[in-house]
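Take a look at the letters that make up each chain.
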Amino acid sequence: MGIVGVIVAAFMAAGTGVFDHWVDLLICGFSVVVFIAGGNALNDYIDADIDKVAHPDRPIPSGKLSRQQAFISGLLMLGASVVASMFTLDPACFMIVLVACVLMLAYETLLKQRGFIGNLTIAVLTGMLFLLGGAAVGDFRANIIVALMALLVSVGREIAKDIEDMEGDEGRKTLPMSIGVRNASIIAAVFFIAGPVLSIYPIIQETYGILYYLVIVADIIFLYCAYAVFKDPHKAQKNAKLAMVCALFAFILGIAFV
C-alpha cells in the first residue's frame, strides 16, 4: 500500500510524465516499505509488554524475535530508508524521508502516549507520503494541497479512533481522556470539515479537470463523519477511510482528464 501511495502521489504531481521518473519511484517505494517496516518493528519493541496480553501472536511475545532484535532491526530499516532516499535526483526526497524518520522515532518513544500531539504526528506522516510522491517526480509542491487535506482529515480520524478505544487506552493521555468525549468529538468534527473546505481551493484555481468535481462525494462523506463522530466514532473513522479513497480517485481523474 505504501508503494501504491507513492505511485498515486507521483501521478498526481506529474500526470503521465510519471513514467519518466521510474528509477526514483522505485527508490522512494523501497524507502517507504522499509520505513513502515522499521516503524512497525519499533512499535513491537515499545509495546512488547502490552502485546503479551493484547497481541500474543506478534513477533516478540510469540518468541520469533527478542526485544533487542526488534529494536535493532527497526533502527536499521529506518536508516536504510534514509540512505536509499539519498540516491534520488531530488534532494527533497532525502529531506522528507529524514524528517519522517525523526517523527516516527519521536512518536514511538515519546509522543504516542501524549494524546493530540501523537494524533497530529501520524497525520503529518500521512500527508508526507504525498509530498514524497511529488518529490520523486521533481515537484513536491504540486501535492501540497492534497497533503494538507490528508493531514486534516487524518487528525479527525485519529481522534475518532481514540474515542472508540477509550476503554483499552488506560495509561495514555488521549484527547478524549484529557478534555472529555464531547469536546474531543467537536475537535474531530472541525478537522473532518476542514478537509472538504480545503478541497474547494483547486476548483477556484481551476487546477484539475472537471472530473475533479467528483471530490464532492468524498466531501459529503467527510461531513457525515463530522456528524457521526458524536454518536458512533467507529462508524466515523471507518467512513473517513472510504472518503479518503474517494478523494484520491477525484484527484486522479481530475489530472487524467484535464
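Before any of the text, the structure's been laid out above.
The rules behind these values
- Residues numbered from 1 in each chain as written.
- Predicted model: local features only at pLDDT ≥ 70, side-chain atom pairs only at ≥ 80, totals over all residues.
- Heavy atoms only, no water.
- Patch = residues over 30% accessible without salt bridge, like charges linked within 9 Å, V, L, I, M, F, W, Y side chains within 5 Å.
- Areas by Shrake-Rupley, 256 points an atom, 1.4 Å probe, with all protein chains shown as cover.
- Salt bridge = Lys/Arg side-chain N within 4 Å of Asp/Glu carboxyl O.
- Helix = DSSP H or I, 4+ residues; strand = E, 2+ residues; numbered from the N terminus.
- Buried < 20%, exposed > 50% of the residue type's maximum accessible area, 1.4 Å probe, protein only.
- Axes fitted to C-alpha atoms, helices over the stretch in contact; angles between N-to-C directions.
- Parallel < 35°, antiparallel > 145°, perpendicular 65-115°, else oblique.
- Left-handed = near helix turned anticlockwise from the far one by under 90°.
- Contact = heavy atoms within 4.5 Å.
- Nonpolar A, V, L, I, M, F, W, Y, C, P; charged D, E, K, R; others polar.
- Polar contact = N/O pair within 3.5 Å; in protein donor to acceptor, adjacent residues only side chain to side chain.
- Core = buried A, V, L, I, M, F, W, Y, C linked by side-chain atoms within 4.5 Å.
- Phe/Tyr/Trp six-rings, centres within 6.5 Å; stacked < 30°, edge-to-face > 60°.
- Lys NZ or Arg CZ within 6 Å of the ring centre and 35° of its normal.
- Disulfide = S-S within 2.5 Å.

Caption draft 1: A nonpolar patch on the surface, seen in detail. On the surface, a cluster of nonpolar side chains totalling about 410 Å² of accessible area is made up of F71, I72, L75, L76 and L105. Tracing the chain through its elements places I72 in helix α4 (residues 67-85). Taking the relative accessible area as the measure of exposure, I72 reaches 41% and is therefore partly exposed.

Caption draft 2: Examining the packing of helix α7 (residues 144-164) against helix α11 (residues 233-256) more closely. Taken N-terminus to C-terminus, the directions of α7 and α11 make an angle of 165 degrees; their axes are 8 Å apart at the nearest point. Our classification of the angle between α7 and α11 gives roughly antiparallel. Considering only the axes of α7 and α11, their crossing is left-handed. Of the residues in α11, those in contact with V146, M149, V153, S154, R157, A160, K161, I163 and E164 of α7 are P233, H234, Q237, A240, K241, M244 and F251. Counted by class, the contact of α7 with α11 contains nine nonpolar, three polar and four charged residues.

Caption draft 3: View of the environment of K64. Here K64 lies in the loop between α3 (48-54) and α4. By relative accessible area, K64 is classed as exposed at 65%. Those residues within four positions of K64 in sequence are excluded, and the remaining contacts are P59 and Q69.

Caption draft 4: The arrangement of the side chain of T121 in detail. Residue placement: T121 occurs in helix α6 (residues 116-136). Looking at T121, its side chain comes within polar contact range of the main-chain oxygen of I117, at 2.7 Å. Those residues in contact with T121 that lie beyond four places of it in its chain are L103, Y107 and L111.

Caption draft 5: Layout of the packing of helix α2 (residues 22-46) against α6. Running from amino to carboxyl end, α2 crosses α6 at an angle of 160 degrees, the nearest separation of the two axes being 9 Å. Classified by the angle their axes make, α2 and α6 are roughly antiparallel. Viewed along their axes, α2 and α6 form a crossing whose handedness is right-handed. Along the contact surface, α2 presents D24, L25, C28, V32 and F35, while α6 presents L125, L129, L132 and A136.

Caption draft 6: Examining the nonpolar core more closely. With 67 residues, the main nonpolar core has L132, F192 and V229 as its most contacted residues. For this core, the element with the most residues is α7, which contributes 12 residues. For F192, the contacting residues outside a window of four places in its chain are V153, G156, R157, F222, C225, A226, V229, A236 and A240.

Caption draft 7: Seen up close, the packing of aromatic side chains. With the rule as written, the count across this model stands at six aromatic pairs. Seen in terms of ring centroids, Y45 and F71 are 4.8 Å apart; in terms of plane orientation they differ by 40 degrees. Their pairing is tilted. Of the two residues, Y45 is situated in helix α2 and F71 in helix α4; the sequence distance between them amounts to 26 residues. With a relative accessible area of 24%, Y45 lands in the partly exposed category. When the centroid spacing of 6.4 Å and the interplanar angle of 45 degrees are considered together, the rings of Y224 and Y227 count as tilted. Here Y224 pairs with Y227, and both are found in helix α10 (residues 215-228), just three residues apart, close to one helical turn. Taking the relative accessible area as the measure of exposure, Y224 reaches 33% and is therefore partly exposed. Exposure remark for Y227: the relative accessible area of 49% places this residue in the partly exposed category. Every member of this aromatic cluster is reached through a ring pair, and the members are Y208, Y212 and F251. Across the ring face of Y45, the terminal group of R67 is positioned such that the distance to the ring centre comes to 4.6 Å.

Caption draft 8: View of the state of the cysteines. Counted by the stated rule, this structure contains zero disulfides. Among the cysteines around C225, which has no disulfide bond, C246 carries the closest sulfur, lying 10 Å off. For C246, a relative accessible area of 22% puts it in the partly exposed group.

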